[in-house]
Amino acid sequence: MSQQEVPSGPALMVRGPGEVVLEQHSGVAAAAGEVVIEPHFVGLCGTDLEIVNGDLDPAYTRYPLVLGHEWSGRVAQVGTAVSEFAIGDPVVVEGVVGCLVCSACRSGRTNMCENYDELGFTLDGAAGPSVTVPAHLVHRLADGVPLAAGALVEPAAVVLRALGVLQIEPASRVLVIGDGTVALLAAQLVRMWSPATVDLAGLRPEQKVLAAAAGADAFTVDQPPDNAYDVVVEAAGATAAVESAIRAARPSGQVVLLGIAGHGNAARLLVDDVVNKDLRIRGSFSYTAEAWATTVGLLNSGALRPLPLVTHRARLEQFAAALHLLSTATGEPRGKILLDLRPDAADDDPGHPLPDLMKGDR
Ligand SMILES: [Zn+2]
Ligand SMILES: [Zn+2]
């Protein structure tokens, strides 16, 4: 196929805290080693809300910024030195743009790059007409994998990296704290370690149906039992959840924290519990390039099945309603909310009806 024009069009721009607008955005042509992607699906998450509201640690964002760090799309242009991609290829793109030369990058800890840059955080994200990136960040989706599913690779990679830093034994009793998409993905992905049970502890009773769809054995909105779990995954991003996680871990248990609790928020550390229970507590930030590649492999092979966790789809113009829904408890189950930037692209039918946020408005 011949080279296409770099797409231009409206982008969801955060001008500063509390100031979100649709703004015309023109794309950047691919340099020799780069690829231009036309985004199709962009997932929204709590971190987007923190960026919109100005609650994220300022070291990890900048304004103005095109929102969108969970996404999939199709190749629109390839640089002259790129041979592994063709126009129209369905792809996902690693958002963490490691510098590749610092000591963290060189040792594979690209999530800890000393020159942190990330699409949708410090670099313009995907809720716009195009994204131009180095080809080594681009991963092709297998034929038959819905593009909508690709938009969940980012949160799944965050989860996979966090689970990977633990030493999870087969037949472990696992507790995931949280009831959002990251927690639901954790409940699904931890099955790869053959746990005995996977319980989910959340705050919203209406999420029970999604917990079941993710494969959790039990879902509760009550305080989880003390000293009951070999492995506890804190995926709620709340300080109270951190305290619950430490209490719920059994002696010699492991706790991993992957939720972002908000800049400056502190949890009470139950020191005696940590010491007397001989706990191993880990943090896990974002994902490495390795975790990303593994996650894409799991999606392409069918081992990762994120589409049942998508509950809403909205067009780009409906961003205000989508952001509102993200921050409001309606009593209805809420999984991933996707912005559909190309709602008329019939070839990207996910083969699974995605509920529309505002049906009458389409
Ligand atoms: Zn996110
Ligand atoms: Zn680096």
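Residues numbered from 1 in each chain as written. Chains lettered and ligands numbered in written order. Predicted model: local features only at pLDDT ≥ 70, side-chain atom pairs only at ≥ 80, totals over all residues. Heavy atoms only, no water.

**A look at the coordination of the zinc ion (ligand 1)**
At this site the zinc ion (ligand 1) is bound by Cys45 (SG), His69 (NE2) and Glu70 (OE), with donor distances of 2.0 to 2.2 Å. Within one chain, the residues serving as donors to the zinc ion (ligand 1) are arranged as C-x23-H-E. Note that Cys45 is positioned in the loop between strand 3 (34–44) and helix 1 (46–53) and Glu70 in strand 5 (residues 70–78), a separation of 25 residues in sequence. (Donors = N, O, S within 2.8 Å, 3.2 Å for Na, K, Ca; no water. Helix = DSSP H or I, 4+ residues; strand = E, 2+ residues; numbered from the N terminus.)

**Let's talk about the domain arrangement of the protein**
Here the domain parsing of the protein yields domain 1 (9–156 + 287–361) and domain 2 (166–283). Of all residues in domain 1, the largest losses of buried area upon contact with domain 2 belong to Leu309, Pro333 and Arg334, amounting jointly to 31% of the total for that side. Taken together, the connections running from domain 1 to domain 2 amount to zero salt bridges. Seen at the junction of domain 1 and domain 2, the total is two residue pairs in polar contact (both at pLDDT 80 or more). For the side of domain 1 that touches domain 2, a count of residues per class yields twelve nonpolar, three polar and seven charged. (Domains from an automatic or database assignment. Buried area = accessible area lost by both parts, 1.4 Å probe. Salt bridge = Lys/Arg side-chain N within 4 Å of Asp/Glu carboxyl O. Polar contact = N/O pair within 3.5 Å; in protein donor to acceptor, adjacent residues only side chain to side chain. Nonpolar A, V, L, I, M, F, W, Y, C, P; charged D, E, K, R; others polar.)

**Comments concerning the sheet that holds strand 4 (residues 65–66)**
Think of a sheet as strands paired side by side through backbone hydrogen bonds, with each pair either parallel or antiparallel. Spatially, three strands are ordered 2-1-4 in an open sheet, and the strand pairing comes out antiparallel. Edge strands, defined here as strands with exactly one partner in the open sheet, are strand 2 (19–25) and strand 4. Note that strand 1 (residues 9–16) and strand 4 share two bridges and pair antiparallel. Residue pairing in the sheet places Met13 in a bridge with Val66 of strand 4. (Pairing = 2+ DSSP bridges.)

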